[in-house]
Amino acid sequence: MDQSQLRALEARCIQEEMPFCTASCPIHVDARGLMALLTRGELREARKILDRTMPFPEILGRICDQPCHPFCKRGEIGDPLWIGPLERYCVSVTDTVLKPPKLPVKGGAVAVLGAGFSGMTAALDLSRKGRPATLITARTRLGGSLPDRAGSLLPPEVFDQAEATLKRYGAEIVTGASLDRQTVAALLDKYDVLYFDWDDFTIDHLPFIPGTPDPISLALERDGCFGGGGVEDGKPFSIMHQAENGRRAALSMERYLQGVSLTAEREKEGACPTRMYTVTEGIPPASEIVPDNPIAGYTAEEAQREAARCIYCECLECVKKCAYLQEYKEYPKTLVRKIYNNLSIVQGNRSANKLTNSCSLCWQCTVICPYDFPVASACHAARQEMVASGHMPPSAHSFALEEMHYTLGENCALIRHQPGTTASRYLFFPGCQLTGTYPDTVERTYIFLTQHLEEGVGLFLSCCGAPADWAGQSALFTDVLADLTAQIRQMGNPTLIVACSSCLAAFGKYAPELTVVSLWEMLDELPLPEVLFDLPESPLTVHDPCTARYQEGVRASVRSICGKIGLPVAETTIGAELADCCGYGGLLQFANQPLGEKVATLKVSRSTTETGLVYCAMCRENLVGTETHIAHLLDYLFADPEKNPLVRAKVGLSGRHEHRSRLKSRLQSTLWQDPIGSPAPHRAIRLEADDETWALLNERLILMEDIQKVIHHAETTGRYLHNPANGRRLAAFKPAVVTYWAEYEPISDGYFLHRGYSHRMQLPEDRA
Ligand code: SF4
Ligand code: SF4
Ligand code: SF4
């Protein structure tokens, strides 16, 4: 990811866009922040917000005509907020807190003719920027028409305060001036740049034709002259219009003195549109709090209640649903910046690597986001980049990749035509996880397909390579896929019947030349087997795998099959298209196991009934760990009738590992009558352990076979430590990269395992 790609990505997340009130406020007061502080009664901090943005808050804060009001999102669910009266309350009970710094004095002679509110604002802004202005009025006081218009809303002392402020920033104030054509002509000669405030200066006194002011810069036809303020055609007098014009003119005059463009990049000045996206559904409506005494305005208690109606407009729609973004307290814009920093600057910080590897690549956020923010592709591309540059820690995905290699290897992989045939019209591809989890069901499903489809159904036990893709191992994934497609070609390019949604997605995206159909769509076309169970009467909530998000046909077939067999089902609270990941996607559970568990728990929490139904083996493995009764749909069609689909136990890593190789040898011997060689000697070791130890092995990604290898090595070489006090033996063995340790003791027909753990350190003997 380079800087420009980062910027393009960041721009798609609008979480930092202005809320509706701020965007529609011509001077962009942070009304959302103000409401939060007023709700908490933090008046001093609230006043700082006004001091920071408003010219003369003691005036504007009392009488703003609130152009923001119609844009307040609260209006969709109750009455819009009245921000003006809350600002009035704030400035009435606080004094100025923040005094913006005075910048060093720069050159340029600046005059403002007319001391209405726009002239005062222009003079203040310019003086603060280090261009002390001379503010000239024919009246004896500041404010132009304002004191007459505002009446009792503005105590007279606010104009004294305003005068003091202007003087503090170095402005010179001239009152009672004669402003006829002659004196103005002299002022035009004297000053480099001038602003005419139409509220306090008569256009007839100009010694030149002003023309129509440029709407962006307020520049008049005469060079160095700007004009604004007054009353807009057909509109009532607006103090906010005065403030906005004064501020706009001050910036133009500053640019004029700097000799830069008067109009470039000023789109966000004044009231402007915002891309902010805020969903108000689910927020309780609330009516406006009307002050008991409208003339006095809000009391403290009333102000707090009115401010508390603010809904703090923001987006975060993706974060509301995604456990990963919640865990890391990020939203996509901040997330991709961290990922970018890790790739480009830090290059491999441990926690940043984990951040990149903890996204399940499920694309839920993209579906939710009004601007289709693609977090999954950003995280995936970052993993590929980390692998390519050697910054991906091997431990993040090594277990999953080793399991993938094991599944692709001679112990587990099998590709054969239907027994007794030499050609295949179809090739059943159950996928590595279904094979590992439910080998019996795979066998029954395969036999069913051979009985109901003509012209031969071959069997392909393998892995689609998705783990390599998710790990960012592009070269490895390409090799795996090339090998798979070559094998399929050798079988005569049969139609692949794929059980797993991840395999379906991987083949669809990366091997479009293959003809692939989902097992579910195929089953939906066939006469279904008789269901041998008492079907539950209460509906099961269907938990679609996240990879089925873009597989509408698969989702429809699953529901159709349920209808045909009479299995009552219900939908989740968020619906199929937003289905969460179960924790396996993107290898999340290997990179961040605790988060994987939270993700599974979140998925289950979307249930609308007591029991659930899945059609992905890994979904069942992970969701069943949340202690909810979850069945796999294939179980209702093909499982052993003795086993209630809703109470089958989690299989675990070791079980899945074991099942894959056992299924291959069993099918070879039962279906194809192949001679089967003897298993490796360590596999004959019988191992016992208590449940806690098995659970710990699972958590530490240690397979039973790893422990069998340790014990076999120890017992055949005699290399173990013996503890005479308890009869236990301690041994280590490093079959490849990882060293496994086992503390065990012999029992009558095998060994009892007390402890197993692993690490990547090297023992001196490993180096030898
Ligand atoms: S949904 Fe998420 S990514 Fe999209 S704009 Fe909102 S916060 Fe940003
Ligand atoms: S009340 Fe006025 S100053 Fe306050 S946010 Fe609204 S438009 Fe801006
Ligand atoms: S886990 Fe899914 S929803 Fe969350 S950021 Fe990653 S792709 Fe988006």
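Here the residue numbering is sequential within each chain, running from 1 through the sequence in written order. The lettering of chains begins at A and the numbering of ligands begins at 1, in the order of writing. Given that this is a predicted model, residues contribute local features only at a pLDDT of at least 70 and side-chain atom pairs are listed and counted only at 80 or more, while totals for whole chains, interfaces and linings are drawn from all residues. In computing side-chain properties, one takes all heavy atoms of the structure into account and sets aside hydrogens as well as water.

- Under an unreviewed UniProt entry, the name given to the protein is 4Fe-4S dicluster domain-containing protein, and the source organism is Desulfobulbus oligotrophicus.

## Section: the sheet that holds strand β8 (residues 457-461)
So, point 1. Across the sheet, five strands lie side by side as β6-β8-β7-β9-β10; this open sheet has mixed pairing. The sheet terminates laterally at β6 (414-416) and β10 (516-518), the two strands that pair on one side only. Between one strand axis and the next, the sheet turns by 25 degrees as a mean value, whatever way the strands run.
So, point 2. In this structure, strand β7 (residues 426-429) lies alongside β8, joined through three bridges in parallel fashion. Strand pairing requires that DSSP identify at least two bridges connecting the strands. Here a strand is any run of E in DSSP of at least two residues, a helix any run of H or I of at least four, and the numbering for each starts at the N terminus. An axis is simply a line fitted to the C-alpha atoms; with a helix, the fit covers only the stretch in contact. Between two such axes, the angle follows the N-to-C directions and lies from 0 to 180 degrees.

## Observations regarding unusual backbone geometry
Peptide bonds are trans in most cases, and residues, glycine excluded, mostly fall at negative phi.
So, point 1. You will see that Glu 455, though not glycine, has its phi angle at about 70 degrees, which is positive.
So, point 2. Throughout this description, buried means an accessible area under 20% of the type-specific maximum (1.4 Å probe, protein chains only), exposed means over 50%, and partly exposed covers the range between. Classification of Glu 455 by relative accessible area gives exposed; the value is 57%.
So, point 3. Even without a glycine there, the phi angle at Gln 673 is positive, about 50 degrees.
So, point 4. Structurally, Gln 673 can be placed in the loop between α31 (652-670) and β15 (687-688).

## Some thoughts on empty space enclosed by the protein
So, point 1. Here a cavity is any set of points on a 1 Å grid over the protein atoms alone where a 1.4 Å probe fits but cannot get out, and a pocket is any open set with protein on both sides within 12 Å along at least 5 of 7 lines; a residue lines the site when it has an atom within 4 Å of a point. Grid points are joined across faces, edges and corners, and a volume is the space filled by probe spheres set on the points. Counting across every chain of the model gives nine cavities of 30 Å³ or more.
So, point 2. Considered as a void within the structure, the largest cavity measures approximately 310 Å³ in volume.
So, point 3. Residue lining of the largest cavity: 30 residues in total, with Cys 500, Ser 502, Tyr 584, Cys 616 and Met 618 positioned closest to the centre.
So, point 4. For this classification, the nonpolar set comprises Ala, Val, Leu, Ile, Met, Phe, Trp, Tyr, Cys and Pro, the charged set comprises Asp, Glu, Lys and Arg, and every other residue, Gly included, is treated as polar. When the residues that make up the lining of the largest cavity are grouped by side-chain class, the tally is 23 nonpolar, seven polar and no charged.
So, point 5. Annotation comment: domain bounds sourced from an automatic or database domain assignment. Mapped onto the domain boundaries, the lining of the largest cavity takes at least three residues apiece from domain 4 (406-526) and domain 5 (540-649).
So, point 6. Quantified by volume, the second largest cavity comes out at close to 160 Å³.
So, point 7. Surrounding the second largest cavity, 18 residues form its lining, Cys 322, Ala 323, Tyr 324, Ser 360 and Cys 362 being those nearest its centre.
So, point 8. Broken down by secondary-structure element, the contributors of at least two residues to the lining of the second largest cavity are α14 (323-328), α17 (364-368) and α28 (593-605).
So, point 9. When grouped by side-chain class, the residues that make up the lining of the second largest cavity number 13 nonpolar, three polar and two charged.
So, point 10. Residue contributions to the lining of the second largest cavity reach at least three from each of two domains, namely domain 3 (316-393) and domain 5 (540-649).

## As for the UniProt feature "domain: Dihydroprymidine dehydrogenase" (unreviewed entry) in the protein
So, point 1. UniProt positions are given in the numbering used here, feature names are shortened, and annotations may be inferred rather than shown by experiment. The feature "domain: Dihydroprymidine dehydrogenase" (unreviewed entry), as given by UniProt, occupies residues 10-93 in the numbering adopted here.
So, point 2. Secondary structure content for residues 10-93 is 55% helix and 0% strand, and the end C-alpha separation is 40 Å.

## Re the layout of surface pockets
So, point 1. Estimates place the volume of the largest pocket at around 660 Å³.
So, point 2. In terms of lining, the largest pocket is formed by 24 residues, of which the most central are Ser 395, Ala 396, Phe 590, Ala 591 and Leu 701.
So, point 3. Of all elements in the fold, only α16 (350-357), α19 (398-408), α27 (588-591), α28 and β19 (750-759) reach the threshold of two or more residues within the lining of the largest pocket.
So, point 4. Take the lining of the largest pocket: its biggest share by element is four residues, from α16.
So, point 5. Looking at the lining of the largest pocket, its residues break down into nine nonpolar, nine polar and six charged.

## Some thoughts on the packing of aromatic side chains
So, point 1. Within 6.5 Å between ring centres, the rings of Phe, Tyr and Trp (the latter by its six-membered ring) count as paired, and their orientation is classed by plane angle as stacked under 30 degrees, edge-to-face over 60, tilted in between. A full pass over the atoms with the stated rule returns 17 aromatic pairs.
So, point 2. With centroids separated by 5.2 Å and ring planes inclined at 50 degrees, the aromatic side chains of Phe 196 and Phe 201 adopt a geometry described as tilted.
So, point 3. Where Tyr 584 meets Phe 590, the ring centres are 6.2 Å apart and the plane angle is 75 degrees; that geometry is what we call edge-to-face. The exposure classification of Tyr 584 matches that of Phe 590, with both residues buried.
So, point 4. An aromatic cluster is present here, built from Phe 196, Trp 198, Phe 201 and Phe 208 joined pairwise through their rings.
So, point 5. In this structure, Lys 73 is placed above the aromatic ring of Phe 20, and the distance from its NZ or CZ to the ring centre is 5.0 Å.
So, point 6. The ring of Tyr 371 has Arg 275 lying over it, and the distance from NZ or CZ to the ring centre is 4.8 Å. Criterion for a charge above a ring: Lys NZ or Arg CZ within 6 Å of the ring centre, and within 35 degrees of the ring normal.

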